[in-house]
Amino acid sequence: MRTLFNSFFAGIIGLAACTGASAQGVYDDWASVKAPAAPALSKVTIDPATTALLVLDIARQTCNPESRPRCVAMLPRVEKILALAREKKVTVIYTLGGNAKPSDIWPQAAMLGDEPLIKSGPDKFVNTDLEKLLHDKGIKTVICIGAAAHGAVLHTAASAAFRGFDVVVPVDLMASDTAYAEQYTAWHLVNAPRLGERVKLTQLDWIN
């Protein structure tokens, strides 16, 4: 009994020592944390019949020189992938958040014809018919691009993966306020539980 008590007491002391050494968890280590190596990018060949391009919130409210110049800088690439998608007859679906309207979308990313529009928060599957729309069109793969890597891109891409879709995220077609937010989004999408099985990171010039 005394041996058992001593072992238990020693364990409590050890736990207390560990707790004292890291009283606030990651905050104690924040300055010393080093970014991991960049995730690998993949060349991607899409099937136009079963692929949808999700154009997430590329409007002036969330993509502007004042608050998100990195988004404005990627607009020529947005124009290029839209041209590629339309040439290949890929389904193009737009989303907007808040009070944004189609007229707020930048000209380089403008909607064409009767392309669908979804309005929702960061996760575009929440309280919308996006999942049904994708299934009705026979979509198996979604390409996510957008103005907020840490917002609509992260949450919609993850939500799509959890719903069984394959997900492609071009890292040069997601923007944020800072490079760090784009970096952690890319890392999260291929390292979080269950996401790595479904998500591929790529870049615009590697999509065929």
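Calculation notes
Residues numbered from 1 in each chain as written. Predicted model: local features only at pLDDT ≥ 70, side-chain atom pairs only at ≥ 80, totals over all residues. Heavy atoms only, no water. Helix = DSSP H or I, 4+ residues; strand = E, 2+ residues; numbered from the N terminus. Buried < 20%, exposed > 50% of the residue type's maximum accessible area, 1.4 Å probe, protein only. Areas by Shrake-Rupley, 256 points an atom, 1.4 Å probe, with all protein chains shown as cover. Pairing = 2+ DSSP bridges. Right-handed = clockwise from strand over helix to strand, strands pointing away. Salt bridge = Lys/Arg side-chain N within 4 Å of Asp/Glu carboxyl O. Phe/Tyr/Trp six-rings, centres within 6.5 Å; stacked < 30°, edge-to-face > 60°. Lys NZ or Arg CZ within 6 Å of the ring centre and 35° of its normal.

(A) Just the overall build of the protein, in detail. A tally of helices and strands in the protein yields six helices and six strands. Counted from the first residue to the last, the protein has its helices and strands arranged as α-α-β-α-β-β-α-β-α-β-α-β. Each of the 208 residues in the protein was classed as buried or not, and the buried ones make up 40%. Of the roughly 11,400 Å² of accessible surface on the protein, a fraction of 58% belongs to carbon and sulfur atoms.

(B) Quick look at the pairing of strand 1 (residues 51-56). Burial analysis of strand 1 places six of its six residues in the buried class, the great majority of the element. Bridging between strand 1 and strand 4 (residues 141-146) involves six bridges; their strand directions are parallel. Looking at the pairing, Thr51 lines up with Thr141 of strand 4. Two strands pair when backbone bridges link them, and strand 1 and strand 2 (residues 91-96) are joined in this way by five bridges, in the parallel orientation. Bridging across to strand 2, Ala52 finds its partner in Thr91. Taking the sense of rotation as the criterion, the β-α-β connection linking strand 1, helix 3 (residues 69-87) and strand 2 turns out right-handed.

(C) Local environment of the pattern of salt bridges. Evaluated as defined, the whole model comprises nine salt bridges. For the salt bridge of Glu182 with Arg70, the shortest nitrogen-to-oxygen distance reads 2.6 Å. Placement of Glu182 in helix 6 (residues 179-191) and of Arg70 in helix 3 is noted, with a sequence separation of 112 residues between them. On the basis of relative accessible area, Arg70 is assigned to the partly exposed category, the value being 37%.

(D) Spotlight on the side chain of Ser176. Within the element layout of this structure, Ser176 appears in the loop between strand 5 (166-170) and helix 6. Classification of Ser176 by relative accessible area gives buried; the value is 1%.

(E) Representation of the packing of aromatic side chains. Tallied over the full model, the rule gives three aromatic pairs. Centre to centre, the rings of Tyr27 and Trp30 are 5.4 Å apart; their planes meet at 55 degrees, and the pair counts as tilted. You can call Trp30 exposed: its relative accessible area is 53%. Ring geometry for Tyr180 and Tyr184: centres 5.6 Å apart, planes at 55 degrees, overall tilted. Here Tyr180 and its partner Tyr184 are both found in helix 6, four residues apart, which amounts to about one turn of the helix. The exposure class of Tyr180 is exposed, given its relative accessible area of 52%. Since its relative accessible area comes to 33%, Tyr184 is described here as partly exposed. Positioned over the ring face of Trp106 is Arg60, at 4.2 Å from the centre of the ring.

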